[in-house]
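Results of the structural survey
What follows is each chain in one-letter form.
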Amino acid sequence: MKKIITLILFAFLSLRGEDFIVEFSFENGQSFRVKMQENEASKDFIALLPMSFKFNDHGDTEKVTHLEKALKTAEFNAYEPEIGDFFYYAPLQNIGFYYEKQGAFEGLFKMGQIIEKDKIKLLKEQKKDFILKARLINE
């Protein structure tokens, strides 16, 4: 039922030309917003919200977390990620954020982009595992 409501909301807001914004909040109250792209993985992710995720560092370039359930994707592809991208890596069912430059990987899908570029440093500053709470917000 929750997924149906999310899809209806997605269709309604798309027709109105509105953006989908997800707010990610740290336990200390700091937050940043992500403008979501319209694709299957993004829709599946939004259907999970609100939810909290435990992130960790991977390769000094990204913060990632593993999803228990795979997100839908059209097919494997590769794109050249940018700093601030919110992504889904299908082979490992990981979502994450790039805070440093990274090359393209097959199976990598862009789901969104951090709106406030100055807040990318909040992710980079996290030296230990951390929790982010995600929720869909209306702008």
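Here, every reference points to the structure presented above.
A brief report on the enclosed structure follows.

Structural notes on the environment of alanine 134
Among the secondary structure elements, alanine 134 is positioned in strand 8 (residues 130-137). In this structure alanine 134 comes out as buried when scored by relative accessible area, which is 0%. For the pair alanine 134 and serine 31, spaced 103 residues apart in the sequence, the C-alpha separation amounts to 9.6 Å. Contact partners of alanine 134, with chain neighbours within four places excluded, come to Val22, Glu23, Phe24, Phe45, Leu49, Pro50, Met51 and Phe53.

So, the packing of aromatic side chains
Evaluation of the coordinates by the stated rule reveals 15 aromatic pairs. Geometrically, the ring pair formed by phenylalanine 45 and phenylalanine 53 is stacked, given 5.7 Å between the ring centres and 25 degrees between the ring planes. Exposure class is identical for phenylalanine 45 and phenylalanine 53. Each is buried.

Topic: helix 2 (residues 40-48)
Here helix 2 has its buried residues at Ala41, Ser42, Asp44, Phe45, Ile46 and Ala47. For helix 2, the N-terminal capping position is held by asparagine 39, with its side-chain oxygen 3.3 Å away from the main-chain nitrogen of alanine 41.

Quick word on unusual backbone geometry
For the bond running from leucine 49 to proline 50, omega is 0 degrees, close enough to zero to count as cis. Looking at the secondary structure, you find proline 50 in the loop between helix 2 and strand 3 (51-58). A positive phi is found at aspartate 60, a non-glycine position, where the angle reads about 55 degrees. Along the chain, aspartate 60 falls in the loop between strand 3 and strand 4 (62-66). Relative accessible area serves as the criterion here: at 59%, aspartate 60 is assigned to the exposed category. Phi at glutamine 93 is positive, roughly 55 degrees, even though this residue is not glycine.

Cut-off values and rules
- Residues numbered from 1 in each chain as written.
- Predicted model: local features only at pLDDT ≥ 70, side-chain atom pairs only at ≥ 80, totals over all residues.
- Heavy atoms only, no water.
- Helix = DSSP H or I, 4+ residues; strand = E, 2+ residues; numbered from the N terminus.
- Buried < 20%, exposed > 50% of the residue type's maximum accessible area, 1.4 Å probe, protein only.
- Contact = heavy atoms within 4.5 Å.
- Phe/Tyr/Trp six-rings, centres within 6.5 Å; stacked < 30°, edge-to-face > 60°.
- Polar contact = N/O pair within 3.5 Å; in protein donor to acceptor, adjacent residues only side chain to side chain.

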